[in-house]
Amino acid sequence: MMGVKKKWLERKIALTEKEIGKWESNLNSAAVNLRQEKKKLWELMEQLERVELKEGE
């Protein structure tokens, strides 16, 4: 009986580790996308600042 419980627990652990791996991969992808969007926002804000400076001339 203990062998069945052990196998079940080992299987659950393996599945949980696999799920964690997927979430970590998703998290890394999200971090990359977030950095790209922040960079895009910064560039747009710089463009706006330049336009506002030209308007003020």
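As the structure is a prediction and not an experimental result, all values here were calculated from the model.

### Topic: the overall build of the protein
No. 1: Along the protein, the regular secondary structure elements total one helix and zero strands.
No. 2: Since a compact globule built from 57 residues should have a radius of gyration of about 10 Å, the 25 Å found for the protein marks it as more spread out than a globular shape.
No. 3: Principal axes of the C-alpha set define a box for the protein whose edges measure 85 × 10 × 5 Å.
No. 4: By residue count, 0% of the 57 residues in the protein fall in the buried class.

### Considerations on the pattern of salt bridges
No. 1: According to the stated counting rule, one finds three salt bridges in the structure shown.
No. 2: Note that E43 is salt-bridged to K39, the shortest N-O span being 3.8 Å. Of this pair, E43 and K39 both sit in helix α1 (residues 2-55), four residues apart, roughly one helical turn.
No. 3: Using a relative accessible area of 54% as the deciding quantity, one classes K39 as exposed.

### A short note on a nonpolar patch on the surface
No. 1: There is a patch of nonpolar side chains on the surface, built from W8, L9 and I13 and spanning about 310 Å² of accessible area.
No. 2: Secondary-structure assignment places W8 in helix α1.

The rules behind these values
Residues numbered from 1 in each chain as written. Predicted model: local features only at pLDDT ≥ 70, side-chain atom pairs only at ≥ 80, totals over all residues. Heavy atoms only, no water. Helix = DSSP H or I, 4+ residues; strand = E, 2+ residues; numbered from the N terminus. Rg over C-alpha atoms; globule rule 2.2 N^0.38 Å. Buried < 20%, exposed > 50% of the residue type's maximum accessible area, 1.4 Å probe, protein only. Salt bridge = Lys/Arg side-chain N within 4 Å of Asp/Glu carboxyl O. Patch = residues over 30% accessible without salt bridge, like charges linked within 9 Å, V, L, I, M, F, W, Y side chains within 5 Å. Areas by Shrake-Rupley, 256 points an atom, 1.4 Å probe, with all protein chains shown as cover.

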